[in-house]
Amino acid sequence: MEQAEHKQPPYMVVFGALGLLTLIEVGVAFVGLPRIQTIVVLLVLAVWKALLVALYYMHLRFEPRRLWFVVASPLPLAAILVLGVLAEGW
Amino acid sequence: MSQAATLALESRQPMPGIGVYNQKFGMWVFLLSEVMFFTGLIGSYIILRFAHPDAFTEPGRVLNVPLTAANTFILIVSSVTMVKAFAAIELGDQRGLRRWLLATVLLGAVFLSIQGVEYVKLAEHGFVPMVASYAAEGAPLYGMTFYTLTGFHGAHVTIGVLCMIFVTVKAFRGRYSQADHGGVEVMGLYWHFVDLVWIILFTIVYLI
């Protein structure tokens, strides 16, 4: 097992943040903001939660930088996939 | 040290190129392929939704948001129990590993059960995959997209629970140790990924 020389990540703090962000998300969905603002805020919150899970629970924060690049590699491809199909309809 | 134990330890050594051991890298690459898979599904959903907004409804009208929010919370808690299991075996705590793995299996099963109950309730109210009342140009978009997205995610969770049972049985047989617990870590990666996808799915399908 490679030695990850870091102290244990704050799992329970991250859990608290995830719970709080979920509550905020549900609140934002029903509070009646204009549509675009609702979508933007909800997506920001969702990405924030996803990043917390990836960085702390999946330990990405403590892995070598080389792995970060590998993990980030499908993101531009995913963006191309969605934008390419969207562009067809324009 | 026995030859098997030596081989096991050697297989967990970080590789010079990527810096992590092969099994972990392999699981990460698999998860990245799953990112593309879910991008295809979620991307299609977004495009169809933008193209035919009248074929969908505002949040909460058809889908049970409070129940699913609770279910989201249950899946997040299962991620916590999974990471606690990993943290336990990193310190050599066999009892902790077993306890937390068992909790993860149970929470995963609860998540699936609640999803199943939700499907049954929706079907009782007439919301089925080919529901004609939410249609655009003849295509029952709302039902189709909802069941495809949540169904595929549910299939991933089901497979995750089955694999988790295998890992838990191995843990109860004492097959993991402080020096050799790559299987727990790799299982954890898959489980957290499934949670991550649900975080995105819940937001996009239920809240937007």
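Residues numbered from 1 in each chain as written. Chains lettered and ligands numbered in written order. Predicted model: local features only at pLDDT ≥ 70, side-chain atom pairs only at ≥ 80, totals over all residues.

Visitor: Would you mind going over the overall build of chain B with me for this structure?
Guide: When helices and strands are counted, chain B shows six helices and zero strands. Each principal axis of the C-alpha distribution contributes one length, and for chain B these read about 70 × 35 × 20 Å. Expressed as a percentage of its 208 residues, the buried residues of chain B come to 35%. Nonlocal contacts in chain B, meaning residues at least 24 apart in sequence, comprise 73% of its contacts between residues at least 6 apart. (Helix = DSSP H or I, 4+ residues; strand = E, 2+ residues; numbered from the N terminus. Buried ≥ 20, exposed ≤ 12 C-beta atoms within 10 Å, placed from the backbone. Contact = placed C-beta atoms within 7 Å.)

Visitor: Please clarify how the interface of chain B and chain A should be interpreted in this entry.
Guide: Chain B puts 38 residues into the contact, and the matching count from chain A is 37 residues. Among the elements of the structure, helix 2 (22–51), helix 3 (65–90) and helix 6 (182–207) of chain B are those that each provide at least two residues to the side of chain B that touches chain A.

Visitor: What is the right way to read the confidence of the model for chain B from this model?
Guide: Segments scoring low in pLDDT should not have their predicted coordinates read at a detailed level. On average, residues of chain B carry a pLDDT of 91, and 92% of them reach 70 or more. Across the interface, the model reports ipTM at 0.90; the global pTM reads 0.91. (pLDDT = per-residue confidence, 0-100.)

Visitor: Quick question: what am I supposed to make of the nonpolar core here?
Guide: With 58 residues, the main nonpolar core has Ala85(B), Leu97(B), Leu101(B), Val184(B) and Leu189(B) as its most contacted residues. Within the residue set of this core, elements represented by two or more residues are helix 1 (11–31) and helix 2 (35–57) of chain A together with helix 2, helix 3, helix 4 (94–124), helix 5 (141–172) and helix 6 of chain B. Counting residues per element, this core draws most heavily on helix 6 of chain B, at 17 residues. If sequence neighbours within four positions are ignored, Leu101(B) has contacts with Ala85(B), Met164(B), Val167(B), Thr168(B) and Ala171(B). (Core = buried A, V, L, I, M, F, W, Y, C linked by C-beta atoms within 7 Å.)

Visitor: Just to check I follow, could you spell out helix 5 of chain B for this structure?
Guide: Over its 32 residues, helix 5 of chain B extends 46 Å from the first C-alpha to the last, a length consistent with the 46 Å expected when each residue adds 1.5 Å. Directly after helix 5 of chain B, the chain includes Gly174(B), whose backbone phi takes a positive value near 75°. (Expected span 1.5 Å × (residues − 1).)

Visitor: What is the right way to read unusual backbone geometry from this model?
Guide: For residues other than glycine, phi is negative in most cases, and the peptide bonds are mostly trans. Residues and elements named next belong to chain A. Residues other than glycine seldom take positive phi values, yet His59 does so here, at roughly 60°. The residue His59 is located in the loop between helix 2 and helix 3 (65–72) in this model. With 21 C-beta atoms packed within 10 Å, His59 lands in the buried category.

Visitor: Any chance you could explain the packing of helix 4 (residues 74–88) of chain A against helix 2 of chain B here in plain terms?
Guide: A pair of packed helices is captured by two measures, namely the crossing angle of their axes and the spacing between those axes. Orientation of helix 4 of chain A relative to helix 2 of chain B, taken along the N-to-C sense of each, is 25°, at an axis distance of 10 Å. Compared by their axis directions, helix 4 of chain A and helix 2 of chain B come out roughly parallel. Considering how the two elements wind past one another, helix 4 of chain A and helix 2 of chain B form a crossing that is right-handed. Across the interface between the two elements, Pro74(A), Leu77(A), Ala78(A), Leu81(A), Val82(A), Val85(A) and Leu86(A) of helix 4 of chain A pack against Leu32(B), Val35(B), Met36(B), Thr39(B), Gly40(B), Gly43(B), Ile46(B) and Ile47(B) of helix 2 of chain B. Residue classes in the contact of helix 4 of chain A with helix 2 of chain B are distributed as twelve nonpolar, three polar and no charged. (Axes fitted to C-alpha atoms, helices over the stretch in contact; angles between N-to-C directions. Parallel < 35°, antiparallel > 145°, perpendicular 65-115°, else oblique. Left-handed = near helix turned anticlockwise from the far one by under 90°. Nonpolar A, V, L, I, M, F, W, Y, C, P; charged D, E, K, R; others polar.)

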